[in-house]
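Here is how the chains run, residue by residue.
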Amino acid sequence: MYCHVENIIDTSDKRWFLITESETGGILREPTKYLKHKDRENCSPNTVKKIAFSIAYYLNYLAEQRISIRQVLQLRYMEQHEHFVAFLYWLREGNHTTDRSKRPNNTTCNSYLQAVFGYYEFLQLQYDLEGEIKVLQSRTIGYGGLYGVRYHKRVSTFRGYLTAEGKGGKTIAEEKIRKLLSSTDNIRNKLLLLLPAETGFRIGEVLGIRYAEDIDYENHTIQVVFRDDNENEARAKNAEIRRAKISEGTFQLMMLYMTEYRRLLKETPYLFVNLQGETI
């Protein structure tokens, strides 16, 4: 492999991701600079990590194909399309790793390519490179916001993505939630199932809730706040504060949980304590 990702942890427990040459160990400047840029954009550590590996896989693919990023920008539309589709199938066959038994699914391969397109956009904005990514088509999508307000934004799409397996993002049925709840006697786990189900918050957002700051005990509401200093690296999706009301039953379960775990909660600002690992 031409390059690989290194995970550096400094004295302040901050994680940095570097892309280095495999033979010399030298840092590849431009991709590492992009990772630093994404960190400054307040992307979560897990997002930066995924971008780092996506770029490293792509650079290894370029090395195998004996082509450079500048040359890709100069390709004609059909040649570019074939180049990126071939990269997707290269990933699908597990060529990006030494463990061929762990082949990524189509959705994962597509997400790697999306990260690569983001890197190309950064390089073009940063250095005004000649050529362009011709295979990306711009279109406008609309989506609903709070209080019925309709928003529109322009996105770039690629027509050659692999077909996703199944339909992601499906809402779990109520009877399945009940089945999950009945499968555990642990109050923490029950609460961890109920809060995302009732509020629509992501699991990472729920894990970032601070019981002294984010819960309105009088009105039975919970808010998620964007923070980049959570010790458990939980991160809200964007900088907007969102609030949701929980049911009386869930609120009472939460109070029972906080009572039973009061000794552990004194040691942490977070609603959910870890049951295993270094911070048990």
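All values derive from a computational prediction rather than experimental measurement.

Moving on: helix H5 (residues 106-127). Quick reminder: α-helices carry 3.6 residues per turn. Residues three or four places apart thus point the same way. The terminal C-alpha atoms of H5 lie 32 Å apart, and with 22 residues this matches the ideal 32 Å at 1.5 Å per residue to within 8%. Where H5 begins, one side-chain oxygen reaches toward the backbone nitrogen of Thr 107, 3.2 Å away; that side chain belongs to Asn 105. Immediately beyond the C-terminal end of H5, within one or two residues, lies Asp 128, with a positive phi of roughly 50 degrees.

Using the criterion set out here, one finds six salt bridges in the structure. One salt bridge connects Lys 38 with Glu 41, and the closest N-O pair in it is separated by 2.8 Å. For Glu 205, the salt bridge is made with Arg 202, and the minimal N-O distance between the two is 3.3 Å. In this structure Glu 205 comes out as buried when scored by relative accessible area, which is 3%. Owing to a relative accessible area of 42%, Arg 202 belongs among the partly exposed residues under this scheme. In the salt-bridge network here, residues are joined through shared partners; they are Arg 29, Glu 30 and Lys 33.

Only one face of strand E7 (residues 242-245) is buried, namely the one carrying Arg 242 and Ala 244, since none of Arg 243 and Lys 245 on the opposite face is buried. Pairing between strand E6 (residues 221-224) and E7: four bridges, direction antiparallel. Paired with Gln 223 across the two strands is Arg 243, which belongs to E7.

An order of E5-E6-E7 is seen for the three strands of this open sheet, with the pairing classed as antiparallel. The outermost strands of the open sheet, each flanked by one partner alone, are strand E5 (215-216) and E7. Relative to E6, E5 is paired through two bridges, and the arrangement is antiparallel. Bridge pairing links Ile 215 to Ile 222 in E6.

Cut-offs and rules
Residues numbered from 1 in each chain as written. Predicted model: local features only at pLDDT ≥ 70, side-chain atom pairs only at ≥ 80, totals over all residues. Heavy atoms only, no water. Helix = DSSP H or I, 4+ residues; strand = E, 2+ residues; numbered from the N terminus. Expected span 1.5 Å × (residues − 1). Polar contact = N/O pair within 3.5 Å; in protein donor to acceptor, adjacent residues only side chain to side chain. Salt bridge = Lys/Arg side-chain N within 4 Å of Asp/Glu carboxyl O. Buried < 20%, exposed > 50% of the residue type's maximum accessible area, 1.4 Å probe, protein only. Pairing = 2+ DSSP bridges.

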